[in-house]
Amino acid sequence: MGFNCVRLTWPTYLATNATLASLPFRWSLERLDMRESVAGVRVNNPALLDLPLIDVFREVVSALASNGIMVILDNQMTTPGWCCSRTDGNGFFGDKYFDPDEWLKGLSAMATMFNNTKNVVGMSLRNELRGPNQNVSLWYSVAAEMDLDWAIWALQGSYYIREGILAYDESYGLLTWDWCTARNPSFIKRINSLQSPFQGPGLPNSREPYNVIFHPQTGLCVLAKSSKSLELGPCHESNAWNYTSAYELVVKSTGQCLQAKYVGGNAKLGTDCSKPNSKWQLISNSRMHVSAELTKNGTRVCLDAGPDGAITTNQCKCLIIDPTCNPESQWFKVILSSRDTPDGSSILQLPSVGPWPPTSLSY
């Protein structure tokens, strides 16, 4: 399927509580009456069955390494169990099971344990802060956002046990219940563009990074093939955009910038980038609404992707919490890339080379 990294979860007590860490894998299953799971491990991974839990965790990391899979160590809970609820006592500093000192001790122990393990590339500090004691400002004084990547929440099609239910089906899982096939093959196609890096190892170090405008709902990027219309298309055909400090989205080497003309109209390119309709801000809590003000009346509009892939400017939707509103057509992410564009430069055809070609969109 093209994935190269796994978020591998662990409870703090696995690193700080010797009794839990030394519990044989077999016993941890049998005490939950998971006889079928014991039989499955005996058939498929017999060497693991009587190992302590901490050693089983190490073996999983090692098996992932042997298959070229990177690992992010993910601290979900302090106590072993399903994550999460607002009342599980694991949500934030001061909760029954969230002692900051023990949490830091666990993080340090796991970091030390896997310090020389090359396929362990990172650690998420705590999953889903929640509950009555949560304090966002306090948390961000401990951790700051440094980078962004893309992930699928659940690979697993089912669980040994979840919330007391054996063989629980994970409806959000990428795999089917039996882990044999993709639950939704069309979704794999949608994330195809993200399975090759936009930046990093294997890409040209000499190339100056540029921006692409990614549309998560479709897995496509915004292409400007004429000045009068923009459309979604494969990200490997994307223009090289420059998102400036003045909030302009400029197609590199052309001097042309993205403009909004009117509500419901096609997004266009133009050369006058000084007016409000060329100043694109990232608004809403998601920062994925790309928005500008119309020059004539100051109406704020957002980029929108139509069913045919055409990029239009419509009134912004779902800017406040509304469970009945779906913002996905208006969600775009401006991201950095150093991939090669098709001919090493902008793919935009300028007027000097002849008439504009007809545009089409293929999925």
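Refer to the structure presented above.
Everything numeric in this text was worked out from a predicted model, so none of it was measured. (Residues numbered from 1 in each chain as written. Predicted model: local features only at pLDDT ≥ 70, side-chain atom pairs only at ≥ 80, totals over all residues. Heavy atoms only, no water.)

Peer 1: Summarise the state of the cysteines; cite the residues concerned and give the values.
Peer 2: Per the stated rule, a full pass over the model turns up 5 disulfides. At a sulfur-sulfur separation of 2.1 Å, the disulfide partner of C221 is C235. An S-S torsion of about 85° defines the bridge between C221 and C235 as right-handed. Of the two residues, C221 sits in strand 7 (residues 220-224) while C235 sits in the loop between strand 8 (230-233) and strand 9 (241-243), which places them 14 residues apart along the sequence. One exposure class covers both C221 and C235, and it is buried. The disulfide partner of C257 is C273, and the gap between their sulfur atoms is 2.2 Å. Because the sign of the S-S torsion sets the handedness, a value of about -115° for the bond joining C257 and C273 places this disulfide among the left-handed ones. Here C257, found in strand 11 (residues 256-259), pairs with C273, found in the loop between strand 13 (268-270) and strand 14 (281-283); they are 16 residues apart in sequence, far enough to count as distant. The pair C257 / C273 is uniform in exposure class, with both members buried. In the protein, the cysteines engaged in disulfides, taken in order along the sequence, are linked 1-2, 3-4, 5-6, 7-8, 9-10. (Disulfide = S-S within 2.5 Å. Helix = DSSP H or I, 4+ residues; strand = E, 2+ residues; numbered from the N terminus. Buried < 20%, exposed > 50% of the residue type's maximum accessible area, 1.4 Å probe, protein only.)

Peer 1: Can you break down the sheet that holds strand 17 (residues 311-315) residue by residue, with the values?
Peer 2: Ordered in space as 12-17-16-15-14, the 5 strands form an open sheet in which the pairing is antiparallel. Looking at the sheet topology across the chains shown, the edges are occupied by strand 12 (265-266) and strand 14. Pairing of strand 12 with strand 17 involves 2 bridges; the strand directions are antiparallel. Residue pairing for strand 17: G265 is matched across the bridge by T313. (Pairing = 2+ DSSP bridges.)

Peer 1: Describe helix 6 (residues 100-113), naming the residues involved and giving the relevant values.
Peer 2: Its 14 residues give helix 6 an end-to-end C-alpha distance of 20 Å, which sits within 8% of 20 Å, the value for a rise of 1.5 Å per residue. For helix 6, the full list of buried residues reads W103, G106, L107 and M110. For helix 6, the arc enclosing every buried residue in end-on projection is 100°, short of the 170-degree limit, so these residues lie on one face. Counted as exposed and oriented over 90 degrees from the buried face of helix 6: D101, K105 and T112. If you check the start of helix 6, you find a side-chain oxygen 3.1 Å away from the backbone N of D101, and it comes from D99. (Expected span 1.5 Å × (residues − 1). Arc of directions from axis to C-beta. Polar contact = N/O pair within 3.5 Å; in protein donor to acceptor, adjacent residues only side chain to side chain.)

Peer 1: An account of the packing of aromatic side chains is requested, with residue identities and associated values reported.
Peer 2: Overall, the coordinates contain 7 aromatic pairs when judged by the stated rule. Considering the side-chain rings of F92 and F93, the 4.9 Å spacing of their centres and the 50° angle between planes classify their relative orientation as tilted. Per residue, the accessibility class of F92 equals that of F93, and both read buried. Centre to centre, the rings of F93 and F98 are 5.1 Å apart; their planes meet at 65°, and the pair counts as edge-to-face. F93 gets classed as buried once you look at its relative accessible area, which sits at 17%. (Phe/Tyr/Trp six-rings, centres within 6.5 Å; stacked < 30°, edge-to-face > 60°.)

Peer 1: So, unusual backbone geometry: which residues are in play, and what are the values?
Peer 2: Note on backbone geometry: most residues besides glycine have negative phi, and most peptide bonds are trans. Along the chain, C83 connects to C84 via a cis peptide bond; the corresponding omega equals 25°. Within the secondary structure layout, C84 lies in the loop between strand 2 (70-75) and helix 6. Look at E163: it is not a glycine, yet its phi comes out positive at around 50°. Even without glycine at this site, R287 takes up a positive phi of about 55°. With respect to the helices, strands and loops of the structure, R287 is situated in the loop between strand 14 and strand 15 (289-293).

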